[in-house]
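# Descriptive structure summary
Residues per chain are reported as follows:
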Amino acid sequence: MHPISNVEFILLQLVAECRQASGYDIMKMVDHRGYREWANIGTTSIYAGLKKLSNKGWIASGESDRKSGKGPVPTQFALTETGMIRLKNEIVDSLSSTRERDIRFDLGLAALPLIGKDEAIAALRERLDFLRTATTEIRQKYEAQGAQLLPLNVRTLFLHPIVLIECERTFVSKLINELLGDLGEYGEDH
């Protein structure tokens, strides 16, 4: 089974969750849940992804019964049986075996000896500021949408990145201390 793109995975999830959704409905959900910030999904990729899913036979399209405004009747998408099977397989696979990391950061870590210690420390301190800001923004969006009142699957879209960012902040702080010569616990056989 060939892997599907993250955009296709997101779209299958949202169509399944709504049972029937237009491209516009999906765009609103992508914005509301913050997918744009971390999943690299924009308006063009939503519509192109819906077309791909339709061509693969994983979603079917039809006209909506609900018309509002003067524009054309929106196309509604629903999962096919094949699409639901594919989605369930993808969910199980992603929960059991994927490992997400920012490869670019890892490449920067691998190249640390190629820049000066002071430059590395300054860059890592900037990263701490960047991570702190990212956490604040995610927390604000989470709180604004109801925090603990959100359904579990939506809460996890906010809580999981917060926990990961906190772990990375700890890692980066320890790395800075090691670069400063204060090895502490991080320098002991890790």
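Residues numbered from 1 in each chain as written. Predicted model: local features only at pLDDT ≥ 70, side-chain atom pairs only at ≥ 80, totals over all residues. Heavy atoms only, no water.

### Topic: the overall build of the protein
When helices and strands are counted, the protein shows eight helices and two strands. The proportion of buried residues among the 190 residues of the protein is 32%. Residue pairs at least 24 apart in sequence account for 59% of intrachain contacts in the protein once pairs closer than 6 positions are excluded. Roughly 12600 Å² of accessible area belongs to the protein as shown, and the carbon and sulfur atoms make up 55% of that amount. (Helix = DSSP H or I, 4+ residues; strand = E, 2+ residues; numbered from the N terminus. Buried < 20%, exposed > 50% of the residue type's maximum accessible area, 1.4 Å probe, protein only. Contact = heavy atoms within 4.5 Å. Areas by Shrake-Rupley, 256 points an atom, 1.4 Å probe, with all protein chains shown as cover.)

### What to know about helix H4 (residues 43-56)
The end-to-end C-alpha distance of H4, which contains 14 residues, comes to 20 Å, matching closely the 20 Å that a straight helix rising 1.5 Å per residue would cover. Along H4, the residues that are buried comprise Ile46, Gly49, Leu50 and Leu53. On an axial view of H4, the arc spanned by its buried residues comes to 105°, and they lie on one face. Exposed side of H4, more than 90 degrees from the buried face: Thr44, Lys51, Lys52 and Asn55 are the residues found there. At the C-terminal side of H4, glycine 57 shows a positive phi close to 80°. (Expected span 1.5 Å × (residues − 1). Arc of directions from axis to C-beta.)

### Quick look at the packing of aromatic side chains
Taken as a whole, this structure holds one aromatic pair when the rule is applied. Seen in terms of ring centroids, tyrosine 142 and phenylalanine 158 are 5.6 Å apart; in terms of plane orientation they differ by 45°. Their pairing is tilted. Highlighted residues: tyrosine 142 in helix H7 (residues 117-144) and phenylalanine 158 in helix H8 (residues 152-179), separated in sequence by 16 residues. A cation over an aromatic ring shows up here: arginine 127 above the ring of phenylalanine 105, its NZ or CZ 3.9 Å from the ring centre. (Phe/Tyr/Trp six-rings, centres within 6.5 Å; stacked < 30°, edge-to-face > 60°. Lys NZ or Arg CZ within 6 Å of the ring centre and 35° of its normal.)

### A look at the side chain of glutamine 76
Its place among the elements puts glutamine 76 in strand E2 (residues 75-79). Residue glutamine 76 is classed as buried on the basis of its relative accessible area of 3%. At 3.5 Å, the side chain of glutamine 76 forms a polar contact with the backbone nitrogen of alanine 21. (Polar contact = N/O pair within 3.5 Å; in protein donor to acceptor, adjacent residues only side chain to side chain.)

### Side note on H8
Given a rise of 1.5 Å per residue, 28 residues ought to cover 40 Å, and the 40 Å separating the end C-alpha atoms of H8 matches this to within 8%. Considering bend angle alone, the principal kink of H8 is centred on phenylalanine 158 and spans about 25°; proline proline 161 follows within four residues of it. Here H8 has its buried residues at Val154, Arg155, Leu157, Phe158, Ile162, Ile165, Arg169, Val172, Leu175, Ile176 and Leu179. Where H8 terminates, the next one or two residues include glycine 181, which has phi positive at roughly 95°. (Bend = angle between axes of the 7 residues up to and from the residue.)

### Concerning the environment of alanine 39
Positionally, alanine 39 belongs in helix H3 (residues 35-39). The exposure class assigned to alanine 39 is buried, which follows from its relative accessible area of 12%. Separated by 33 residues in the primary sequence, alanine 39 and asparagine 6 place their C-alpha atoms 7.3 Å from one another.

### Looking at unusual backbone geometry
One non-glycine residue, arginine 19, lies in positive phi territory at about 70°. Structurally, arginine 19 is set in the loop between helix H1 (6-18) and helix H2 (23-33). Positive phi outside glycine occurs at alanine 147, with the angle close to 45°. Overall, alanine 147 belongs to the buried group, its relative accessible area being 10%.

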